[in-house]
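Architecture at a glance
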Amino acid sequence: REGLMCAHAHTFATVPRALRAYAQQSFYSSVSRASQSLRTQFTSFPRGQSMSLALPGSREFTTDRIVLAGDLSPEDVDAALRDGKFASWIYMNPESNPAFPTAAKAALGGAFAQLVVEGDRLTKGLAKSLRDALMTMPRPTMVQCSTATRASTAYIVYKAFEQRWPRASATQRARELGLAFFSKPPLADFVDEGLKPGRGYIFRQLFDTSGSSTYTYLIADPATKEAVLIDPVREMVDRDLAVVDDLGLKLKYALNTHCHADHVTGTGELKKRVPGLKSMIAKASTAQADEHFVHGDIISFGDPESALNLEVRATPGHTDGCVSFVFDNMVFTGDALLIRGCGRTDFQGGSSAKLYESVHSQLFTLPDDTLVYPAHDYKGRTVSTIGEEKALNPRLGSGKTRDEFVDIMSKLDLAYPKRIDEALPLNLKCGVE
């Protein structure tokens, strides 16, 4: 990556080529391991630290060697070039602006980019240009507008692409970082549009009619036709493959949110019938699979220059191996969070206290408009939102404390799961007899 940044120093016009090279080198791995927890990642961009510069209204992200700044005097610009040793500069106002950094343009040549961010220019294409510039420009980089508010839009679209964060995850991180663009609705909309998957996606919600009321989810890249299937059910494999065939898709991964007790997973049967398909489940589940993921992993598929990404969030409590997948503005919650409910916590290493912490720290921290797609619903409901569940979920929302939740769950007096003795041993072996 450092080499790509240096190669770009000659001219801003090399961005697309450098971006393609970066994608081919590192963007197309199936699962990206995160070295730290999500909570650590959220706070790993130091505030208030600087390169011994006293630039007015500036914000430095030391890890990335990026500084966001507002209007600077000619003296401030000279100091930034001399003492900060900035190797590249992005300016977001017209050249007619009195604060235009003439000295920076003259000193940096091709590593100076002017990308005007205002009015009808707030398009998805502009967001991509900002992202591409920050992906390839040599460091340190100054991103400058009038108040550093618009500069913060460039930082989050760049960081989301670099880390492969889905839209909901990137928005959550931006809020926790206190990025200023949220104060301007047009800028917030600009960022939201810029964080959407570049070529869209195919999405289907499929219902198990064989008895478990399980939802299976199909997501696919419209360009490459690569697809993933979440929580397939053995009895519904014919239906699932018919949908895949009708849409001309190629199944790459079959994922499980946890080791289910109420149905046999379809991953084993799918692997028999789809050459090259890989099954995936959380390492903490102790179940067999081709690949195991852990908290913070990113599962990528589709076109490497515009990959579709699922972020794995550990949400134990229903079982010890439960995860949720964040994708675009959606979250697939398995049995951790249901529509106006949650999974039981009285078997398979379940813990009511742990489930409460999982939901509140990993799911309820997502933006309120994030769509919630659970693994089951028994009343014909198909989708909710994080905001709805925070307000209306009678077990986990409505201001319920952890002690209140634990008390509610202890009094459910649920029957022994009908298929657990059949399903659980098979699901520990990827659903294979």
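The structure we're discussing is the one just above.
Residues numbered from 1 in each chain as written. Predicted model: local features only at pLDDT ≥ 70, side-chain atom pairs only at ≥ 80, totals over all residues. Heavy atoms only, no water.

Before going further, it helps to examine the pairing of strand S17 (residues 371-374). Walk down a regular strand and you will see the side chains alternate between the two sheet faces. One ladder, built from four bridges, connects strand S16 (residues 330-334) with S17; its direction is parallel. The partner of Val331 across the bridge, within S17, is Val372. This β-α-β element, S16 to helix H12 (residues 352-363) to S17, shows right-handed connectivity. Relative to strand S18 (residues 384-385), S17 runs antiparallel, the two sharing two bridges. Considered in S18, the bridge of Val372 is made with Ser384. (Pairing = 2+ DSSP bridges. Helix = DSSP H or I, 4+ residues; strand = E, 2+ residues; numbered from the N terminus. Right-handed = clockwise from strand over helix to strand, strands pointing away.)

Before going further, it helps to spend a moment on the layout of surface pockets. Any empty space left between the atoms is revealed when a probe the size of a water molecule rolls over them. Taken as a whole, the largest pocket holds about 790 Å³ of empty space. Taken together, 30 residues line the largest pocket, and the ones lying closest to its centre are Asp262, Leu338, Arg344, His376 and Tyr378. Its residues assigned to classes, the lining of the largest pocket comprises ten nonpolar, nine polar and eleven charged. (1 Å grid on protein atoms, 1.4 Å probe; cavity = no way out; pocket = protein on both sides within 12 Å on 5 of 7 lines; lining within 4 Å. Points joined across faces, edges and corners; volume = space filled by probe spheres on them. Nonpolar A, V, L, I, M, F, W, Y, C, P; charged D, E, K, R; others polar.)

Now for the sheet that holds strand S2 (residues 59-61). Pairing is mixed in the open sheet, where five strands are placed in the order S2-S3-S6-S4-S5. Unpaired on one side and paired on the other, S2 and strand S5 (112-114) mark the two borders of the sheet. Looking at each pair of strands side by side, their axes are set apart by 15° on average, direction ignored. Sheet strands in contact with helix H6 (residues 124-136) are strand S3 (66-69), strand S4 (88-91) and strand S6 (141-144), and its direction is about 165° off that of S4. Strand contacts of helix H7 (residues 149-163): S2, S3 and S6, with the helix running at about 150° to S3, the strand carrying the most contacts. (Axes fitted to C-alpha atoms, helices over the stretch in contact; angles between N-to-C directions. Contact = heavy atoms within 4.5 Å.)

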